[in-house]
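Summary of the model geometry
Residues per chain, in single letters:
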Amino acid sequence: PLLDIWFRDSSLGFALGGYGLLLKTSDGGENWRYWGDRLPNPDGFHLNSMTSDHLGRIYIAGEAGLLLRSDDAGESWVALDVPYDGSFFALTEYRNRLYLTGLRGNLFVSDDGESWNSLDTGYRATFNGAVSSTDELLLIGHGGRLLSSTQGDLFDVLESGGRRSFSTGIDIPGGWLLVGEGGVHKLVVKQGDDNG
């Protein structure tokens, strides 16, 4: 299965997924090449999420505490030390800080992509997704759990309108477009906090 896709621009992109699968395109998706043999992932752990930071470095989060980084647009990869050996599901950058989600509410933050600190959200639900816009960070969890931050490490609970889990989302004018068990859901949070 493919679990995430990430494009740097209209040409260079990656698709990643189960059992260490990593595919690369250099022509906007017309052709794909297997790229998983370039990863330090001898056990073939699942690759769950990919993002880049403001310095252009690319990160992959995966099973069993697997966190990888490339400093050369995906040509080569190194494994990073993290203080957690559970699975990671999502990572995103918000205000030049990286946020990394794991099982049972585990959340880690890094200012440099090297050292990681644990953040206590007060919840033990697994966060499947982490997405950000220029002015908000959104953690997307099981059971419809949504945590929002506009101040870095302080989170507010958002009402999702149900208990169905979401997987990921994108920012749209006035809120977020989320996808998951219940299909597509529009969450209005930026204009009077009126959930839709």
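The present account deals with the structure reproduced in this document. Counting restarts for each chain: residues are numbered from 1 in the order of the written sequence. For a predicted model such as this one, the threshold for reporting local features is a pLDDT of at least 70, and the threshold for listing and counting side-chain atom pairs is 80 or more; totals across whole chains, interfaces and linings nevertheless cover every residue. Side-chain metrics in this entry use all non-hydrogen atoms of the structure; hydrogen atoms and water are not considered.

What follows is about the side chain of N128. Note on conventions: DSSP H or I runs of at least 4 residues are helices, E runs of at least 2 residues are strands, and numbering of each starts at the N terminus. Take N128: it is sitting in strand β13 (residues 127–132). Contact between two residues is taken to exist if any of their heavy atoms lie within 4.5 Å; hydrogens are not considered. Each residue touching N128, except ones within four places of it in the same chain, is listed here: F89, A90, I140, G141, H142, S165, F166 and S167.

Bringing the sheet that holds β13 into the picture now. Spatially, the four strands line up as an open sheet ordered β13-β14-β15-β16, and their pairing is antiparallel. Two strands close off the open sheet at either side, each with one partner strand: β13 and β16 (156–158). Neighbouring strand axes in the sheet, compared pairwise and without regard to direction, differ in orientation by 25° on average. Of the pairings in the sheet, the one linking β13 to strand β14 (residues 137–141) comprises five bridges and is antiparallel in character. Opposite V131, over in β14, you have L138 as the bridge partner. For two strands to count as paired, DSSP must find a minimum of two bridges between them. Only the stretch in contact is used when a helix axis is fitted, and all axes are lines through C-alpha atoms; the angle between N-to-C directions ranges over 0 to 180 degrees.

This next bit is on the nonpolar core. In this text, buried Ala, Val, Leu, Ile, Met, Phe, Trp, Tyr and Cys residues form a nonpolar core when linked through side-chain atoms within 4.5 Å. Here's how the labels work: a residue is buried when its accessible area is under 20% of the maximum for its type, exposed when over 50%, partly exposed in between, all with a 1.4 Å probe on protein chains only. Residues F14, L22, L39, L47, M50, I60 and W77 are the most contacted members of the largest nonpolar core, which totals 14 residues. Put simply, the parts of the chain that give this core at least two residues each are β2 (13–17), β5 (47–52) and β6 (58–62). If we skip the residues at most four places from it in the chain, F14 touches D4, I5, W6, L22, L23, K24, W32, W35, M50, I58, A73 and G74. Membership of the second largest hydrophobic core comes to twelve residues, among which are Y59, V82, Y84 and F88.

Here the focus is the pattern of salt bridges. Whenever Lys or Arg places a side-chain nitrogen within 4 Å of a carboxyl oxygen from Asp or Glu, that contact is recorded as a salt bridge. Counted according to the given criterion, the structure contains eight salt bridges. Residue D9 is joined to R8 by a salt bridge in which the shortest nitrogen-to-oxygen separation is 3.2 Å. On the basis of relative accessible area, D9 is assigned to the partly exposed category, the value being 35%. A relative accessible area of 49% means that R8 is categorised as partly exposed. In this structure, D53 engages R57 in a salt bridge whose closest nitrogen and oxygen atoms are separated by 2.7 Å.

This part is about the pairing of strand β10 (residues 97–102). Among the six residues of β10, five are classified as buried, and the element is accordingly described as predominantly covered. The sheet contact formed by strand β9 (residues 88–94) and β10 spans six bridges and is antiparallel. Considered in β10, the bridge of T92 is made with Y99. Taken together, β9 and the strand that follows it, β10, pair antiparallel across an intervening segment of two residues, in which R95 is found at a positive phi of about 50°. Across four bridges, the pairing between β10 and strand β11 (residues 107–110) is antiparallel. Looking at the pairing, Y99 lines up with V109 of β11. If you look at the hairpin formed by β10 and β11, you'll find four residues sitting between the two strands, and R104 has a positive phi there, around 50°.

What follows concerns the sheet that holds strand β19 (residues 183–188). The strand order across the open sheet formed by three strands is β17-β18-β19, and the pairing between neighbours is antiparallel. Edge strands, defined here as strands with exactly one partner in the open sheet, are β17 (166–172) and β19. Ignoring which end each strand starts from, the neighbouring axes of this sheet average 25° apart. Summarising the sheet, strand β18 (residues 175–180) and β19 pair through six bridges and their orientation is antiparallel. Considered in β19, the bridge of V179 is made with V184.

By the secondary structure assignment, E136 is in the loop between β13 and β14. Polar contacts, as counted here, are pairs of nitrogen or oxygen atoms within 3.5 Å of one another; within protein the pair requires one atom able to donate a hydrogen and one able to accept it, and residues that are adjacent in sequence qualify only if both atoms are side-chain atoms. Here the side chain of E136 touches S148 through a polar contact of 2.4 Å, side chain to side chain. Within the structure, E136 has its side chain in polar contact with the side chain of W176 (distance 3.1 Å).

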